[in-house]
Structures are given as structure tokens and as C-alpha cells.
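A closer look at the structure
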Amino acid sequence: MKIVVAPDSFKGNMRSSRVCEIIKQAILLEIPGAEVLTFPMADGGEGTVEAVVEATGGMFHTLNVCGPLGGTVEAQYGVLPDGTAVMEMASASGIELVPADRLNPMEATTYGTGELVRHLIAEGHTSIVMGIGGSATVDGGTGMAQALGYRFRDAAGDVITERGGRILPRLASIDAEHVVDGLEHTKIRVACDVTNPLTGPNGAAAVFGPQKGATPEMVGQLDAGLSNLWKTAGTEGAPGDGAAGGLGYGLRAFCRAEIVSGAHLIAETVGLSEALQGADLLITGEGRTDGQSLQGKLCPVLAGMAHRHGARSLLVSGALAGELDPFLDVFDFAFSISAGHTSFEACIAHAPQDLAFTVRNTMRILSKSWTG
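Now for a look at the structure at hand. (Residues numbered from 1 in each chain as written. Predicted model: local features only at pLDDT ≥ 70, side-chain atom pairs only at ≥ 80, totals over all residues. Heavy atoms only, no water.)

1. Here's the deal with the sheet that holds strand E10 (residues 258–260)
The six strands are arranged E3-E4-E5-E6-E9-E10 in an open sheet whose pairing can be described as mixed. Since the sheet does not close on itself, it has two edges, and those belong to strand E3 (59–66) and E10, each with one partner. Between one strand axis and the next, the sheet turns by 30° as a mean value, whatever way the strands run. Pairing between strand E4 (residues 72–79) and strand E5 (residues 85–88): three bridges, direction antiparallel. (Pairing = 2+ DSSP bridges. Helix = DSSP H or I, 4+ residues; strand = E, 2+ residues; numbered from the N terminus. Axes fitted to C-alpha atoms, helices over the stretch in contact; angles between N-to-C directions.)

Right under this line is the structure:
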């Protein structure tokens, strides 16, 4: 019996690698002879580097770069056995790097993200996978572009040396003469499940600006600035441009990056499709699953992959919320691991034991059906 285990993290509780280990041990307690392959997963947000490196046997590295409000932060990236580099913009320019009382998208910059890309290019990596969840910025990727050698000029032709969302309304032209060598030969694929446009009521400033500290007045200024960036750069808009405060657009405009489904990209990068060949069952899971999760998020995407390979799919989630019947349209089996605890804190504390118990229970049921 071949079982592939590929969960997301249970956010705020267990990393995906820990979830993998708990599920594997629970399976082997009930089916000692099972072949169990584990793949810690992520969808492009925080934890992507860790999940992909652990799933592929890659190597972790760190680099000191500019933080979202200046200063220096230690950004982590990974190098996979095939030479692909994996990075998260949140590691360099993320919201968790900024104290809540200092959040300010007018000042926050993606410059450190650009420094990390520049370093990877200098190291000779021609394939980069980038997760862009969890940003502190609404600068349209201009900081990243500045770190890569792009020069933004104002109406007088002077180079704009400041950074952050506040520079967006001043952009009048873009000088690419000093862009780092090798960028044109580097393939950057962006893991992103956000489809928001760059501007407008569903754009980067309006939807994501307030959570990054933007006041209503700032939202208007940032949206106008991003519109000015679009006019100045001239790259046509596409779904996902509004991700990470417009970094999605900046990556396309300045790096010719390809924005793709985070779930599909990470699954491809770790070789999950190959692992599912000949598998009997896929087990996936996450901290909470609801109707929104079924719209192209990680777990249902993996279930679809399993079904295309002839394997059944099992979801073990910290909680199932909303209408329940649709879960059975996506997964063969769907369980909440909750064991009747009376508080959220108790659910968190007992999650490892509850997860193991749920998996053991389901393995007992399924092993009976497999063996007749």
C-alpha cells in the first residue's frame, strides 16, 4: 500500500514537516507495511522555503538584506538539488518584520527582496521560485526594481533615491541601463493564489493597504500612485498584479516573471505528481478548511492531482467550517480532528494527539476496505 502525505502547515500550531511526521507515524502504527512518502507543503506564503527545501532535500541559506523599513534583516532562502533557488519575499520585506505600531506602506519597501534576487543571480541561479505572501509593502515592486539596478526618474529627470509607496506618484520615466547582468536570463516563477488587479476597488491599495497600516487617505494616494506606475512602466495588467502590494505587477514588469498558482507550482517543484504515480491514497490537511479553501487553494488542488493519478484523497483538518457537503465533492474523505475541546487554546494544545488519533481511526477503516 502506497500513501502520499502532503499537508500544509496548521498555521499558528504545527509546521507542515511536523504534521507529516505525525501522520506517517500514525499510519505505520495501523499499517506497518505501508509505503509512506511525505511532502511538507506550502502555497507560496510564509513557510514556503522551509517546506520545499525539506521536501526535496535541499539546503538552507541566509543573507542580510534591507528590511521593509530600513535596517538589516536576515532573509532565508533555499537551494534545491537541481539548482533551483526558492525564496519568500516575506523573509525580506514581510509584515511580521515590522512592529504593529510602525506599519506604514508609504515608507515600506521591497528593496530587500530585490537584494535577495540580485544575490541569487550573482550566485548563478537561473531558476527562482518566489512566494510573495505576507508583505508589509504597497510599493508596486519599485524597491525591488531599485535593488536590481532600475532607476526611477521624476518629471525633472532626476533619479528618485527614496523608497516606499510614497514615490509612486512622482514616477515619470524608468531607466534600465544599469540593471544587473543576468536578470534577462533568469526565470522567475511566482507562487501566488491572489488574483487581485493592481488598482481599483479590488486592487492592492484598497484591499490590502489597511492591513499594512494604510489610512483611508493613504489608500487613495497609493492607488493613484500604482496607477501612475502602470502608466509609466507600460506593462499590461493581469490577474495577481495586486499581490504583495503590487509586487506581482513589479515582478512581471521588471523581471518578466510568471505568476502561477502557488499550490500547483509548489507541488511541481517538490515532485508530487511523480510521487502520486501508483499511490493508493493522498493525505492532506491544514489548520482550517472552509468554502473559500475549496477555490483553488492547496488541499483541493492536491486532491485533484491524486484523483488524476487514480488515488483517493483524505483531508484531515483542524476544523471544517461552513457548508459541509461540498467537501465530499472534492475529497473522498474529509475529517475534522477536533475532539470536543471547549476552547481554541485547548484545540491548539491537543492538536498533535488529535491528529494522530484521527489518522489512526481512518487507517483502521480504510485498511479493512483495502484488504476486504
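The discussion continues.
2. Digging into the sheet that holds strand E2 (residues 35–38)
Spatially, five strands are ordered E2-E1-E11-E12-E13 in an open sheet, and the strand pairing comes out parallel. The outermost strands of the open sheet, each flanked by one partner alone, are E2 and strand E13 (333–336). Each strand axis lies, on average, 20° off the axis of its neighbour in the sheet, ignoring direction. Direction of pairing for strand E1 (residues 2–5) relative to E2: parallel, over a ladder of four bridges. Along E2, the bridge assignment pairs lysine 2 with glutamate 35. On top of the sheet, helix H1 (residues 16–30) reaches E1, E2, strand E11 (281–286) and strand E12 (312–317); it is set at about 175° to E2, its chief contact. Across the sheet, helix H11 (residues 298–308) is in contact with E11 and E12; its angle to E11 comes to roughly 175°. (Contact = heavy atoms within 4.5 Å.)

3. Considering the pattern of salt bridges
Taken as a whole and judged by the stated rule, the model has ten salt bridges. Here arginine 360 makes a salt bridge to glutamate 30, at a shortest N to O gap of 2.6 Å. Placement of the pair is arginine 360 in helix H13 (residues 344–371) and glutamate 30 in helix H1, with a sequence separation of 330 residues. Residue classification places arginine 360 among the partly exposed positions, given a relative accessible area of 31%. Across the pair aspartate 241 and arginine 252 runs a salt bridge, and its minimum N-O distance is 2.8 Å. (Salt bridge = Lys/Arg side-chain N within 4 Å of Asp/Glu carboxyl O. Buried < 20%, exposed > 50% of the residue type's maximum accessible area, 1.4 Å probe, protein only.)

4. What about the side chain of threonine 109?
Position of threonine 109 among the secondary structure elements: in the loop between helix H3 (90–93) and helix H4 (111–122). Threonine 109 gets classed as buried once you look at its relative accessible area, which sits at 3%. In terms of polar contacts, threonine 109 uses its side chain to reach the backbone amide nitrogen of tyrosine 111, at 3.0 Å. When neighbours within four sequence positions are excluded, threonine 109 is seen to be in contact with Gly67, Pro68, Ser93, Thr137, Asp139, Gly143, Arg163 and Gly164. (Polar contact = N/O pair within 3.5 Å; in protein donor to acceptor, adjacent residues only side chain to side chain.)

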